[in-house]
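# Architecture and fold: a report
Residue-level listing of the chains:
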Amino acid sequence: MMGDLKKRASFAKLVNYVNNPKKARLIDSKDVRLDNNATIAASMQGQADDKPGRKLKNPVYHISLDFAHEDTPKLTDGLMAEIAREYMKRMGIVNTQYIVCRHTDKEHQHLHIVANRVDNDGNTISDRNDAIRNVAVCKALTREYGLHFSKGKVNVKRDRLRGKDKVKYQIHDAVKAALPHCNSWSELCDRLAKQGIGTNFKYDKRNGKIVGVSFTKDGISFSGSRIDRSMGFYKIDRLLGGNISDGLRWQATVNDRKPNLVTASGICHDCTSVSWNDTTINEHGETSENPASDEYFNETDGSIVRVTIDTLIELYVQPHQAKVLSGGGGGGNDNSWNDSDKKKDKLKPRRRR
């Protein structure tokens, strides 16, 4: 069994999707009016709006639990509803409204939970570390209920996929096939670009770190970790040895607003800009363009920018030029006094007159 947990803003749209009579049936609910989808959504929205103090931006929990094909014979509506309740209990989603719907539109059995993040007492249900807890709870329930663990994406029937799922698996297969042949991010991005897949990095200007990666195909974007846990930025970066390009890697520094480029001979302090095709990060860590945001990079923090790589990373490095002193033998003239000398002079002790 595998679980996918998201937070949403609208009850109405989600309830209409989850409880669509053409592909689903309601198998469990709590504290909601069940006349129709409109009354379900209205009762949930009303409770969220009555929350004291600041309203939640995303008061909706949308959870899908997917089961292995081998478990189909034992998955009655009653058992699936019981597993859904136990899942919510262990995730701390208690004392609140919810509905559970079983879907029949795919070959593998799965269910959807819509739960209110504002409980019946007006308190916010904590979402702290919910992604990590989701994985742990799903593994525990799979073992305890004698269910089958997923065999991964290898056995998924690609020809049956549609829409976003189809694109997601196309990206997965392309990245997996390309990685063994790549020694740097530039090589990986170049191979993926030839297949119509763009690579986007989540870049933090405050410390010069690249903290995330997503892949885009046909206008649809997924973060690497959403495609597969093995395709998050840090795991891919480890496989590529941290190399941005041949012989070059990032070394983030807290004091500098730009990342340092590190070569075999050490940190290159004279790098004034780094360009990714048509996007440039200048010496202040600022980008020269503002790409359209997607679901993964919809950041509100101004220090987070999206850096795109379409084909190849070009690193522009200005060579260091030594200062030449003018004047004849016996030392330089007055013009030889420069900024570094001024800094040294400030450190000298001063005698009191």
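Parameters and conventions
Residues numbered from 1 in each chain as written. Predicted model: local features only at pLDDT ≥ 70, side-chain atom pairs only at ≥ 80, totals over all residues. Heavy atoms only, no water. Helix = DSSP H or I, 4+ residues; strand = E, 2+ residues; numbered from the N terminus. Buried < 20%, exposed > 50% of the residue type's maximum accessible area, 1.4 Å probe, protein only. Contact = heavy atoms within 4.5 Å. Areas by Shrake-Rupley, 256 points an atom, 1.4 Å probe, with all protein chains shown as cover. Salt bridge = Lys/Arg side-chain N within 4 Å of Asp/Glu carboxyl O. Pairing = 2+ DSSP bridges. Axes fitted to C-alpha atoms, helices over the stretch in contact; angles between N-to-C directions. Expected span 1.5 Å × (residues − 1). Core = buried A, V, L, I, M, F, W, Y, C linked by side-chain atoms within 4.5 Å. Parallel < 35°, antiparallel > 145°, perpendicular 65-115°, else oblique. Left-handed = near helix turned anticlockwise from the far one by under 90°. Phe/Tyr/Trp six-rings, centres within 6.5 Å; stacked < 30°, edge-to-face > 60°. Lys NZ or Arg CZ within 6 Å of the ring centre and 35° of its normal.

### Things to note about the overall build of the chain
Counting its regular elements, the chain contains nine helices and 16 strands. Going through the 353 residues of the chain one by one, you find that 42% of them count as buried. By sequence separation, contacts in the chain at least 24 residues apart represent 66% of the contacts at least 6 residues apart. Accessible surface for the chain amounts to roughly 20,300 Å². Of this, 48% is attributable to carbon and sulfur atoms.

### Some details on the pattern of salt bridges
Per the counting criterion, the structure on display carries twelve salt bridges. The network of salt bridges with common partners includes K7, R117, D127 and D130.

### Thoughts on the pairing of strand β6 (residues 198-204)
Taking burial as the measure, the seven residues of β6 include seven buried ones, the bulk of the element. The two faces of β6 match: G198, N200, K202 and D204 on one face and T199, F201 and Y203 on the other face are all buried. Note that β6 and strand β7 (residues 209-217) share seven bridges and pair antiparallel. The residue bridging N200 from the neighbouring strand is S214, located in β7.

### Topic: the environment of F11
Counting through the fold element by element, F11 comes out in helix α1 (residues 11-18). Assessed through its relative accessible area of 0%, F11 is described here as buried. Distance in space between the C-alpha atoms of F11 and V114 is 8.1 Å, their sequence separation being 103 residues. Discounting chain neighbours no more than four positions away, the residues touching F11 are A41, M44, Q45, A48, P59, V60, V114, A115 and N116.

### With respect to the side chain of N134
Along the chain, N134 falls in helix α4 (residues 130-144). In this structure N134 comes out as buried when scored by relative accessible area, which is 7%. Beyond its immediate chain neighbours, meaning those up to four positions away, N134 contacts G3, D4, Y87 and M91.

### Things to note about the sheet that holds strand β5 (residues 110-116)
Backbone-to-backbone hydrogen bonds join strands into a sheet, with any given pair of strands oriented parallel or antiparallel. Pairing in this open sheet of five strands is antiparallel, and the strands run β1-β3-β5-β4-β2 from one edge to the other. Two strands close off the open sheet at either side, each with one partner strand: β1 (2-8) and β2 (24-30). Strand-to-strand twist in this sheet, taken as the mean axis angle between neighbours without regard to direction, amounts to 20 degrees. Bridging between β2 and strand β4 (residues 98-103) involves six bridges; their strand directions are antiparallel. Within the sheet, the bridge partner assigned to D28 lies in β4 and is V100. Strand contacts of helix α2 (residues 37-49): β4 and β5, with the helix running at about 40 degrees to β5, the strand carrying the most contacts.

### Thoughts on helix α5 (residues 163-178)
Between the first and last C-alpha of α5 there are 23 Å, a value that for 16 residues agrees with the 22 Å anticipated at 1.5 Å per step. Where α5 is buried, its residues contact α6 (185-193), β7, β8 (220-223), α7 (224-227) and α8 (233-239).

### Quick look at unusual backbone geometry
Phi is positive for N129, which is not a glycine, with a value near 55 degrees. Exposure remark for N129: the relative accessible area of 46% places this residue in the partly exposed category. Despite not being glycine, D218 shows a phi value in the positive range, around 55 degrees.

### So, the nonpolar core
One finds L65, F67, Y87 and I113 to be the most contacted residues of the largest nonpolar core, which totals 28 residues. No other element matches the seven residues that helix α3 (residues 77-90) contributes to this core. Apart from the residues lying within four places of it in its own chain, the contact partners of I113 are Y61, H62, I63, L65, A84, Y87, M88, I99 and V100. Counting 25 residues, the second largest nonpolar core, distinct from the first, contains C182, F201, I210 and L240.

### What to know about the packing of α5 against α6
Two numbers describe how α5 lies on α6: the axes approach to 10 Å, and their chain directions differ by 135 degrees. The pairing of α5 with α6 is recorded here as oblique in orientation. Two packed elements cross with a definite hand, and for α5 against α6 that hand is right-handed. Residues A174, V175 and A178 of α5 form the contact with α6, whose participating residues are L188, R191 and L192.

### Regarding the packing of aromatic side chains
The full count for this structure, using the stated rule, is four aromatic pairs. Here the aromatic rings of W185 and F201 are separated by 4.9 Å at their centres, their planes lie at 80 degrees, and the arrangement is edge-to-face. You can see W185 sitting in helix α6 and its partner F201 sitting in strand β6, a full 16 residues away along the chain. Through successive ring pairs, a cluster of aromatic residues spans W185, F201, F233 and Y234. It is R117 that lies over the ring of Y61; its NZ or CZ is 5.6 Å from the centre.

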